[in-house]
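The primary structure of each chain is shown beneath.
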Amino acid sequence: MPNKRQFRADAQRGRYRIKNPDTGILVFECHFFDSFANCVILKMTSPSEKANCVGWYFESKSIVKVQRNFHTKFNKPPPSRNSIVSWHKKFLETGSVLDKPRSGRPSTSDSDIERVREAFTRSPTKSTRQASIELGVARSSIRDVLHKRLHFKPYKMQLVQQLQPSDLSIRFNFAVDMLHPIDIDNDFLQRIIFTEEALFSRVGPRQ
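An unreviewed UniProt entry lists the chain under the name DUF4817 domain-containing protein, with Araneus ventricosus as the source organism. Comment text from UniProt for the chain, heading Subcellular location (unreviewed entry), reads "Nucleus".

Encoded structure:
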């Protein structure tokens, strides 16, 4: 590895390189410009390149030869010693250089999506808890299907009083009648109880 003085000298010339001391192969190269530095480092290795490295290591038992073969065949910086050893060990243990599939929640099948659609089309007021029990699908999966796949949105039904054409004049007259007591008494509205109830009873419900 070059020292700081060598690094400054290379930087002034507009470039900086690092070579593997064993193979002499370039593993890092950086070109300096006025406003930025363009650096080329080791790229991710493909499965086929890993397999080649494992095969070469079986033949030669030499990390240096593997790195030279890699550079010659693929024309790019070779992987490190640790990477080659790790791929070789993984191949011996699993028979493959591929990474193990990551664990995670399985995706919802198309048939389950259609079942969810039919269930909520047939019964829009059904809760996700009820649907989960009936369909045997996780509640979180049902919510994801409803929101992300089917684009359904939850709503709460509200029953309101239907307005009739004659209600317009009644409401207008009520508003006009209320203006007079409000003008003469600032506390008038404080003595009124506003409610949404349409029917009132002086006695309790029948038993």
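Following the structure, the description resumes.
A. View of the overall build of the chain. Counting its secondary structure elements, the chain contains 8 helices and 3 strands. Helices (α) and strands (β) of the chain occur, in sequence order from the N terminus, as α-β-β-β-α-α-α-α-α-α-α. Residue burial in the chain is summarised as follows: out of 207 residues, 22% are buried. Taking the intrachain contacts of the chain between residues at least 6 apart in sequence as the baseline, contacts between residues at least 24 apart amount to 35%. Accessible area of the chain: about 17200 Å², with a carbon and sulfur share of 53%.

B. Quick peek at the pattern of salt bridges. Under the criterion given, the structure shown has 5 salt bridges. Arginine 115 is the salt-bridge partner of aspartate 112, the closest N and O atoms lying 2.9 Å from each other. Here the residue aspartate 112 and the residue arginine 115 both occupy positions in helix α5 (residues 110–122), the gap between them amounting to 3 residues, near one helical turn. For arginine 115, a relative accessible area of 34% corresponds to the partly exposed category. The residue aspartate 185 makes a salt bridge to arginine 191 at a minimum N-O spacing of 2.4 Å. With relative accessibility at 24%, the residue aspartate 185 sits in the partly exposed group.

C. Representation of the packing of helix α2 (residues 47–60) against helix α4 (residues 81–94) within the structure. Axis separation between α2 and α4 bottoms out at 9 Å; the angle between their running directions is 85°. Taken together, the axes of α2 and α4 are roughly perpendicular relative to one another. The segment α2 lies against α4, with Lys50, Cys53, Val54, Tyr57 and Phe58 engaging Ile84, Trp87, His88, Phe91 and Leu92.

D. Expanded view of the packing of aromatic side chains. Under the criterion given, the structure shown has 3 aromatic pairs. Ring geometry for tryptophan 56 and phenylalanine 74: centres 6.4 Å apart, planes at 55°, overall tilted. Of this pair, tryptophan 56 sits in helix α2 while phenylalanine 74 sits in helix α3 (residues 63–74), and the two are 18 residues apart along the sequence. Of the residues examined, tryptophan 56 reaches a relative accessible area of 14% and is grouped as buried. Taking the relative accessible area as the measure of exposure, phenylalanine 74 reaches 23% and is therefore partly exposed. Ring-pair connections join several aromatic residues into one group, and the members of that group are Trp56, Phe70 and Phe74.

Rules and cut-offs
Residues numbered from 1 in each chain as written. Predicted model: local features only at pLDDT ≥ 70, side-chain atom pairs only at ≥ 80, totals over all residues. Heavy atoms only, no water. UniProt positions renumbered as here; feature names shortened; annotations may be inferred. Helix = DSSP H or I, 4+ residues; strand = E, 2+ residues; numbered from the N terminus. Buried < 20%, exposed > 50% of the residue type's maximum accessible area, 1.4 Å probe, protein only. Contact = heavy atoms within 4.5 Å. Areas by Shrake-Rupley, 256 points an atom, 1.4 Å probe, with all protein chains shown as cover. Salt bridge = Lys/Arg side-chain N within 4 Å of Asp/Glu carboxyl O. Axes fitted to C-alpha atoms, helices over the stretch in contact; angles between N-to-C directions. Parallel < 35°, antiparallel > 145°, perpendicular 65-115°, else oblique. Phe/Tyr/Trp six-rings, centres within 6.5 Å; stacked < 30°, edge-to-face > 60°.

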